[in-house]
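Examining the three-dimensional arrangement
In case you want the letters, here they are:
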Amino acid sequence: MSEEAGWHATVVSGADAVFKTPAGYDSAFMSQQSHYPPMADLSVGVLDGETPYERGRAHGEQFAAAIEENVDTYLDRFAHNGVDEATAREHATRFVPIIEDAKEAYAEGMHGVAEGSDLPLEAVALINVRYEILFSAFAEQTADAPGGEADGCTAFGVQGEATADGKPYVGQNWDWIPEVNTFLMDLRRPEKPNALALTEAGLVGGKFGLNEHGIGYVVNGLVSAEDGDDPYRTPSHVAHLDLLDATRLGEAIGVIVTGDSPCSGNVLLGHPAGEMIDIESTPEESFYLYPEDGVLTHANHFESGQNRGSFEQLATHSLCRGPRMQRLLEREVGEIDVGTLKDTLRDHFNEPSSICSHVDPELPDHEIGHTNASVIMDLQDRRLLLTEGPPCESEYEEFHLPDHHSGSESPNFKTNREYTI
Ligand SMILES: [Zn+2]
């Protein structure tokens, strides 16, 4: 096992600890933050090559074993969702030229990962299109066998008007397959904005991230009846890299509303000036949500009410998690601080399918999920607070976007500069 595999071992031991204390996470416990153990070393990959290919190669070299494990993990999950290995590999192969057409830098990154990890390109592509393969499978499963797979994420944005320090924050719990190996990408790019983004080993685009312009994004899975009707379109993770490239909020919004994804998804975007938007997308249209009283939250169902959606039939807890997070934040409006955000992300209402999500022992192995990572992004200070695994099991670790952009202004972003929206 590689060094990165320690991540997996940490998650497993944490899950065991939860089952030993099923009722141990009451509010009194949550308020005593000193009880949270320090986090084990979180995997960070500095990707600082001159080109997308070189950065991909560094990714592949540093996380080769973790990538190979992710390929196996996804092949196993695909099979349980009705997509056998041969079909999954065929899907992945067909997506490669589509990715090349959509974003050359992304395709170059995948080639670099393949070269660096010594894996076939199609194996790397398989990780990069896993959302399309799995969520199309989800869509079929919803129609044929409701009550199957249950995963989710809960996201928030809080504007400066709602926070004690006047700064905007964006964050989420990202709930997914516990076995998936992840790492924090420290992207140092001469031709594009530097960025910090959590990703899965082998995945060129991030899961959630923050760039040097303070543009932060978090995501939620959504499922609609339109998903997969025209499957060979641009995979969603390609758009995630586009978000990290954006220099203005309008540019980031454009990535989503003019996107070409074959599946539905939700993206919550924030800017250091405090502007925020949540965009629910289907393959056909987009719907928008804005903060109310400075608070914006989202889970895994269409909260705009403009699409019926179907994820909540699989993940009924989405209908609890979104409103729960909204209420926990709304009642602190004007006084929300990082402690409030941490407590909210550690909330266990409806445990184990809570905002802080844990493995449901009632589910079969191939359906389990939990909070793989929890993040709070301080957009103005380009600061990212992160836990690996459920946030109730460890203290958040802090990361800053380093000052290494060639010849650019200092990323000491505490100055009162004008922001372009
Ligand atoms: Zn928890």
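Everything in this summary refers to the structure shown in the same document. None of the values given here were measured: they were computed from a predicted structure. The residue numbering used here restarts from 1 in each chain and proceeds along that chain's sequence as written. Under the rules for a predicted model, residues below a pLDDT of 70 receive no local features and side-chain atom pairs below 80 are neither given nor counted, while totals for whole chains, interfaces and linings still include all residues.

1. Quick notes on the overall build of the chain
The number of helices and strands found in the chain is 13 helices and 14 strands. Out of the 421 residues in the chain, the part that is buried amounts to 57%. Excluding contacts between residues fewer than 6 apart, the proportion of contacts in the chain whose partners are at least 24 apart in sequence is 69%. Strands are runs of DSSP state E lasting at least 2 residues, helices are runs of H or I lasting at least 4, and numbering of each runs from the N terminus. To assign burial, the other C-beta atoms lying within 10 Å of each residue's own C-beta are counted, with C-beta atoms placed from the backbone; 20 or more indicates buried, 12 or fewer indicates exposed, and intermediate counts indicate partly exposed. Here, residue contact means that the backbone-derived C-beta atoms of the two residues sit within 7 Å.

2. Description of the nonpolar core
By definition, a nonpolar core groups buried Ala, Val, Leu, Ile, Met, Phe, Trp, Tyr and Cys residues that are joined through C-beta atoms within 7 Å. Membership of the largest hydrophobic core comes to 98 residues, with the highest contact counts inside it found for Met 110, Leu 126, Tyr 217, Ala 252, Leu 269, Val 375 and Leu 386. In this structure Tyr 217 touches Phe 208, Gly 209, Leu 243, Ala 252, Val 267, Leu 268 and Leu 269, once residues within four positions along its chain are discounted.

3. Points about the sheet that holds strand E4 (residues 182-187)
One bridge is not enough; two strands pair if DSSP finds at least two bridges between them. Spatially, the 8 strands line up as an open sheet ordered E1-E4-E5-E6-E7-E8-E9-E10, and their pairing is mixed. Of all strands in the sheet, those with a lone pairing partner are strand E1 (44-47) and strand E10 (286-289), marking the two edges. If you compare each strand with its neighbour and ignore which way they point, the axes differ by 20 degrees on average. Lines fitted to C-alpha atoms define the axes, with helix axes restricted to the stretch in contact, and inter-axis angles between N-to-C directions lie between 0 and 180 degrees. On top of the sheet, helix H10 (residues 249-257) reaches strand E7 (216-221), strand E8 (265-270), strand E9 (276-281) and E10; it is set at about 10 degrees to E9, its chief contact.

4. Examining the environment of Ala 65
Tracing the backbone shows Ala 65 in helix H4 (residues 64-80). Assessed through the 16 C-beta atoms surrounding it within 10 Å, Ala 65 is described here as partly exposed. For the pair Ala 65 and Ala 201, spaced 136 residues apart in the sequence, the C-alpha separation amounts to 8.9 Å.

5. What to know about the pairing of strand E12 (residues 370-378)
Of all the 9 residues making up E12, 9 are buried; the element is thus mostly covered by neighbouring parts of the structure. Bridge count between strand E3 (residues 169-176) and E12: 8 bridges; the pairing is antiparallel. By the bridge assignment, Gln 172 is partnered in E12 with Val 375. In terms of strand pairing, E12 meets strand E13 (residues 383-388) through 6 bridges, oriented antiparallel. Counted as the bridge partner of Asp 378 is Arg 383 from E13. Between E12 and E13, which pair antiparallel in sequence order, lie 4 residues; one of them, Arg 382, sits at a positive phi of approximately 50 degrees.

6. Here's the deal with H4
Each α-helix turn comprises 3.6 residues. Residues three or four places apart therefore point the same way. A helix is expected to span 1.5 Å for every residue after the first. With 17 residues, H4 should reach 24 Å at 1.5 Å per residue; the first-to-last C-alpha distance of 25 Å fits that figure. Among the residues of H4, Ala 66, Ile 67, Glu 69, Asn 70, Val 71, Tyr 74, Arg 77 and Phe 78 are the ones counted as buried. Backbone geometry just after H4 places Gly 82 at a positive phi near 90 degrees.

7. Comments concerning the pairing of strand E2 (residues 153-158)
Among the 6 residues in E2, 6 count as buried, and that is most of the element. Because side chains alternate across E2, one face comprises the buried residues Cys 153, Ala 155 and Gly 157, and the other comprises Thr 154, Phe 156 and Val 158, equally buried. Here 6 bridges tie E2 to E3, and the two strands are oriented antiparallel to one another. Residue pairing across strands places Val 158 opposite Tyr 169, the latter belonging to E3. Alignment of E2 against strand E11 (residues 295-298), held across 4 bridges, turns out to be antiparallel. Looking at the pairing, Val 158 lines up with Val 295 of E11.

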